[in-house]
Each structure stands twice: as C-alpha cells, then as structure tokens.
Amino acid sequence: MHRGPFGCVIVKDGRIIAGGSNRVVSENDPTWHGEMEAIRTAAKNLGTFDLSGCTIYTTGEPCPMCAGAIFWARIDRVVYASTIADALRYGQFDDQPIYKDLAKPVDKRLTPAVQCLRDEMLGLWQRYEAKPDRVRY
C-alpha cells in the first residue's frame, strides 16, 4: 500500500478517539489526508460534528485543506512534528502556491471561478434562514 509520511490521532479527555493516515495514492483521492480521515472518524465515533475539547496530533503541520477542516471541526489544539517547510524540503509537498492563491481575490486565482444563479441561491438561503429546526454549525 502506498502511503505518505503523514498520519495523526485525535485525543479527547486523554483518550484516542480516532486516527488517520494519508491514502491519496492508494485510494486515488486527493482529499484522503490523515487529518481528514481522523476528523471523519472522530465525528462518527463521538456522534457529533463539533470536536471541541479535542487535540489533533499530526506528523506534519496541516495543509490548507486540513487546517480548514480542523477549524470547521472546532478542534481546540493542533500538535505537529514537522513543518510545511520540512514537507517541501524532504517530500516536495509545496503548499505555498495554495496559500498565495487563496490570498488573492476570487477572480484573480489560478482556478477560474465564475458566479452564476445568485438570485436563485439567495432564495434557498432565505428558506434555510427561516427554518426553525436548522442546525447551526
């Protein structure tokens, strides 16, 4: 099995809740980073999308995708071994172009993005906003 050097565990109250490892190559899935797998498993194991009170321990400083997922999961703390610079130096994993691109206005980014159907979407947003049983996350 082809796995990169990335893996992690999520801990809550001194107990390992979930773990994950990189399977990008073996599963042909560019989102299958260790942190993503561990977050999905932890949420399932705890029965909630809110991972407040958890710490994620990871072999590498999280990439932009994983950092976003950690933020959305409300994980309290990240503990990492190697830096993004280390990943570039030893594995040629270069996250800097992503950070630079995300700092640009949406119409100046490398991947073209075009807005359409905003009025229709605003109608959906208004119906969602009015739902008395919506779950905030």
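Here is a short report on the structure shown in this document. As a convention, each chain's residues are numbered from 1 in the sequence order in which they are written. Totals for whole chains, interfaces and linings use every residue, but because this is a predicted model, local features are given only for residues with pLDDT of at least 70 and side-chain atom pairs only at 80 or more, for both listing and counting. Calculation of side-chain values draws on the structure's entire complement of heavy atoms; hydrogens and water are dropped beforehand.

1. Structural notes on the overall build of the protein chain
What counts, and what does not: Put simply, DSSP H or I for four residues or longer makes a helix, DSSP E for two residues or longer makes a strand, and each gets a number counted from the N terminus. We call two residues in contact whenever any of their non-hydrogen atoms come within 4.5 Å of each other. In these tables, accessible area is a Shrake-Rupley quantity obtained with a 1.4 Å probe, and a residue counts as shielded only by the protein chains included in the view.
Counting its regular elements, the protein chain contains 6 helices and 4 strands. In sequence order, the protein chain lays out its α and β elements as β-β-α-α-β-α-β-α-α-α. Projecting the C-alpha coordinates of the protein chain onto the three principal axes gives extents of approximately 45 × 40 × 25 Å. Within the protein chain, counting contacts between residues at least 6 apart in sequence, those at least 24 apart form 43% of the total. Total accessible area on the protein chain stands at roughly 9700 Å², and carbon and sulfur atoms take up 57% of it.

2. Quick notes on the state of the cysteines
Rules: Sulfur atoms of two cysteines make up a disulfide when they are within 2.5 Å.
Enumeration according to the criterion identifies 0 disulfides in this entry. For the unlinked cysteine Cys8, the closest cysteine sulfur is that of Cys66, found at 7.8 Å.

3. Side note on a nonpolar patch on the surface
To keep things clear, this is the line we draw: Each patch groups residues whose relative accessible area exceeds 30% and which form no salt bridge, using 9 Å between like charges and 5 Å between nonpolar side chains of Val, Leu, Ile, Met, Phe, Trp and Tyr. Any carboxyl oxygen of Asp or Glu within 4 Å of a side-chain nitrogen of Lys or Arg constitutes a salt bridge here.
A surface patch of nonpolar side chains, amounting to about 750 Å² of accessible area, comprises Phe49, Met121, Leu124, Trp125, Tyr128, Val135 and Tyr137. If you trace the backbone, Tyr128 turns up in helix H6 (residues 118-130).

4. Things to note about the packing of aromatic side chains
Any aromatic ring pair is given by two values, namely how distant the centres are and how the planes are angled relative to each other. In plain terms, the rule: Put simply, two rings from Phe, Tyr or Trp (the six-membered ring, in Trp's case) pair if the centres are within 6.5 Å, and we call them stacked under 30 degrees between planes, edge-to-face over 60, tilted for the rest. For the exposure calls, accessible area comes from a 1.4 Å probe over protein chains only, and a residue counts as buried if that area is under 20% of its type's maximum, exposed if over 50%, partly exposed in between.
In total, this model carries 4 aromatic pairs according to the counting rule given. When the centroid spacing of 5.1 Å and the interplanar angle of 75° are considered together, the rings of Phe6 and Phe93 count as edge-to-face. In this pair, Phe6 is assigned in the segment before strand S1 (7-12) and Phe93 in the loop between helix H4 (84-91) and helix H5 (96-102), connecting sequence segments 87 residues apart. Its relative accessible area of 21% is what places Phe6 among the partly exposed residues.

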